[in-house]
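These are the residues of each chain, in order.
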Amino acid sequence: MNHLIITPVVVPLLAGILLLLLREQDVAIKRLLSLGSLIAQLGLALLLVKTVSTGDIFVYALGNWAAPFGIVLVADRLTVWMLSTTALLSIFAFIYAMHSTDKAGRHFHALFQLQLFGLNGAFLTGDLFNLFVFFEILLLASYGLLLHGGGRLRTKAGLHFVVINLAGSTLFLFAVGTLYGILGTLNMADLALKVASVPPENLPLVRAAGLLLFGVFALKAALLPLYLWLPAAYAHTSAPVAALFAIMTKVGAYCILRIYTLIYAEQAGPAANLIESWLLPLALATLMVGVLGAVGSRHLRLQTAYLVIASVGTLLIAFGLNSQAGIATGLYYLPHTTFASAALFLLADAIARRRGEMADRLDPGPVIASPRLFGGLFMITAILMAGLPPLSGFLGKFMLLRAALDHPALPWVMAVVLISGLLALIALARTGSLLFYRVHAASADNQSSNVDKPCFNELAPIVGLLGLCLVLTIWAEPVLQYTNSTALQLLQPYHYIHAVLGGRI
């Protein structure tokens, strides 16, 4: 059973290599191979969910070198939750890409698989240096995907994306080198033990390295003030790539949750709760900046990108409460916002291609083909993004406010979450009005007969992602049971440490 752990890493890697060997003309074969790989990854992720549902933590030692000397992959409830979310998202993003995006460049399919290779590896690794390695893999693939199809605005946004992430990678190496130089290990479980017993003279450096790591993860998560790279990058890349990138900010949030509940947790002595005084205020500010950006946006794709930033703020507010209820709420909210944001990126592209020169500009334009269909899909997506009842966005925000009832920052959390929800509602209501109601009076008569009609590759991914949010709503109770168990497991890091190190503790 332990060999199952490495398969989410091996499958996309092998698929990516095979796809590189195929000729440019073999589009049908590439699509079949890519889709088969994605379905296999989903099946493996769901099998891992079943495997860890008992609370067991499974460890895979590469080369049979035991930790902390060898590289290990670790599968626990949090890991497979992230793997499952990524696998579901990637299938729908890829189906949309088959409409036309994957034909715009030779290596789209290979880059898509290598992106998943990096994402899955980042979630599974139990070693800090290999977390850096998988970060670089997913970032290199994301550079290619971001620029896929070319264009001036895409190239400009891609340059900013590359430069800022290279700076983040450099800081990551500084932090990793500092920890290794002081503690002599980079295995996360071993780091958790050694940070707790670090000599007083080395404590400032250990804390500095921890704060440096927080800066890197905050950059990946697009936390204020390190979010400026995201709006242009997400708004100007292709729709399926932007949809897949909806999970990218969650990688940073995952790393914050993993590192600071394991290495810098309560048992870390003087280094415990290292970022507690930073995370919640920055998350609150990020949420407000995100919704203000959404209100001021003049393009639907850019508005969606700012809503992604707002969702990161909401997610990290939940994690910043530093409680079981808060973490469980954040883990429930994470797939919701990932699927809803991805659906809005895909929907924005489908609408833009039917508005001619107006594209996604938020100005009155022509009546689009199937306005009731796309208007209905936009309304459902807007309800999800704004957090209105009765869907999963509302449930996530309600549980967030309930989790904050005993927290000293309750007034701030209550005010920011409610005001930001109102602003998001205003922004999306204005957008819906401009796109579907304030249309040119003569445009219905002038509508050409060759306007794209909705096709399966467009509608199925959007409806599928919205359907996943509906699943989170209808089956909220079992999902919350899982996330509560995950939160409890995270707040008891001894089990993780014992699973990885065994008798070496």
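Residues numbered from 1 in each chain as written. Predicted model: local features only at pLDDT ≥ 70, side-chain atom pairs only at ≥ 80, totals over all residues. Heavy atoms only, no water.

1. Examining the overall build of the chain
In terms of helices and strands, the chain carries 21 helices and two strands. Taking 505 residues into account, the globule formula puts the C-alpha radius of gyration at 23 Å, and the chain, at 22 Å, falls close to it. Its C-alpha atoms give the chain principal-axis dimensions of roughly 75 × 55 × 40 Å. The buried share among the 505 residues of the chain stands at 59%. For the chain, the accessible surface area stands at approximately 19,200 Å², while carbon and sulfur atoms represent 67% of it. (Helix = DSSP H or I, 4+ residues; strand = E, 2+ residues; numbered from the N terminus. Rg over C-alpha atoms; globule rule 2.2 N^0.38 Å. Buried < 20%, exposed > 50% of the residue type's maximum accessible area, 1.4 Å probe, protein only. Areas by Shrake-Rupley, 256 points an atom, 1.4 Å probe, with all protein chains shown as cover.)

2. Some remarks on the side chain of Lys397
Here Lys397 lies in helix α16 (residues 392-403). It turns out Lys397 is buried and unbridged, and the closest side chain with the opposite charge, Asp360, is 21 Å from it. Among the polar contacts made by the side chain of Lys397, one reaches the main-chain carbonyl oxygen of Ala386 at a distance of 3.4 Å. In contact with Lys397, not counting residues within four places along its chain, are Tyr333, Met385, Ala386, Gly387, Val417 and Gly421. (Lys, Arg positive; Asp, Glu negative; His and termini not counted. Salt bridge = Lys/Arg side-chain N within 4 Å of Asp/Glu carboxyl O. Polar contact = N/O pair within 3.5 Å; in protein donor to acceptor, adjacent residues only side chain to side chain. Contact = heavy atoms within 4.5 Å.)

3. With respect to the environment of Leu203
You can see Leu203 is positioned in helix α8 (residues 203-221). Its relative accessible area of 17% is what places Leu203 among the buried residues. In this structure, the C-alpha to C-alpha distance between Leu203 and Val59, residues 144 residues apart in sequence, is 30 Å. Residues within four places of Leu203 in sequence aside, it is in contact with Val198, Pro270 and Ala271.

4. A few points about the pattern of salt bridges
What the rule picks out here adds up to nine salt bridges. One salt bridge in this structure joins Asp76 and Arg258, with 2.8 Å as the shortest N-O distance. Of this pair, Asp76 sits in the loop between β2 (72-75) and α3 (77-97) while Arg258 sits in helix α11 (residues 248-262), and the two are 182 residues apart along the sequence. Across the salt bridge formed by Asp190 and Lys194, the nearest N and O atoms sit 3.7 Å from each other. Taken together, the residues Asp190 and Lys194, both in helix α7 (residues 188-196) and four residues apart, mark about one turn of the helix. For Asp190, a relative accessible area of 10% corresponds to the buried category. Here the residues in one salt-bridge network are Arg301, Asp349, Arg353, Arg354, Asp360 and Glu458, joined through shared partners.

5. Examining helix α5 (residues 128-147)
Counted at 1.5 Å a residue, the expected span for α5 with its 20 residues is 28 Å, and the 29 Å between its end C-alpha atoms agrees. Burial analysis of α5 places 14 of its 20 residues in the buried class, which makes it a mostly covered element. Immediately beyond the C-terminal end of α5, within one or two residues, lies Gly149, with a positive phi of roughly 100°. (Expected span 1.5 Å × (residues − 1).)

6. A short note on the packing of aromatic side chains
In total, this model carries 20 aromatic pairs according to the counting rule given. For the ring pair Tyr260 and Tyr264, a centre distance of 5.5 Å and an interplane angle of 25° mean the geometry is stacked. For the pair Tyr260 and Tyr264, a shared accessibility class is recorded, and that class is buried. Through a chain of ring-to-ring contacts, the aromatic side chains of Tyr143, Phe161, Trp229, Tyr234, Phe245 and Phe345 assemble into a single cluster. (Phe/Tyr/Trp six-rings, centres within 6.5 Å; stacked < 30°, edge-to-face > 60°.)

7. Digging into the nonpolar core
The biggest cluster of nonpolar side chains holds 188 residues, and the ones touching the most others in it are Leu128, Phe172, Phe217, Tyr234, Tyr260, Tyr264 and Leu316. At 17 residues, helix α14 (residues 324-352) tops the list of elements feeding residues into this core. With near-sequence residues (within four places) excluded, Leu128 lies in contact with Phe172, Val176, Leu179, Leu186, Met188, Leu191, Leu213 and Ile259. (Core = buried A, V, L, I, M, F, W, Y, C linked by side-chain atoms within 4.5 Å.)

8. Quick look at the environment of Val416
As for its position among the elements, Val416 is in helix α17 (residues 410-436). Along the sequence, Val416 and Leu22 sit 394 residues apart, while their C-alpha atoms lie 51 Å from each other.

9. Quick word on unusual backbone geometry
A cis amide bond, omega 0°, links Leu224 with the succeeding residue Pro225. Summarising the element assignment, Pro225 is placed in the loop between α8 and α9 (230-236). In the Ramachandran plot, Ala222 falls in the positive-phi region, its phi being about 65° despite a non-glycine side chain. Considering the arrangement of structural elements, one finds Ala222 in the loop between α8 and α9.

10. Quick notes on the pairing of β2
Of the two faces of β2, the one lined by Val72 and Val74 and the one lined by Leu73 and Ala75 are each fully buried. Where strand β1 (residues 58-61) lies against β2, four bridges are found, and the strand directions are antiparallel. Bridge pairing in β2 links Ala61 to Val72. (Pairing = 2+ DSSP bridges.)

11. A look at the confidence of the model for the chain
Predicted confidence across the chain gives a mean pLDDT of 88, with 96% of residues reaching 70 or more. A low-confidence stretch, residues 442-450 (pLDDT under 50), is modelled with seven contacts involving residues beyond four sequence positions or located in other chains. (pLDDT = per-residue confidence, 0-100.)

12. Things to note about the environment of Val216
You can see Val216 is positioned in helix α8. With 41 residues separating them along the chain, Val216 and Ala175 place their C-alpha atoms 9.2 Å apart. Contact partners of Val216, with chain neighbours within four places excluded, come to Gly168, Leu171 and Phe172.

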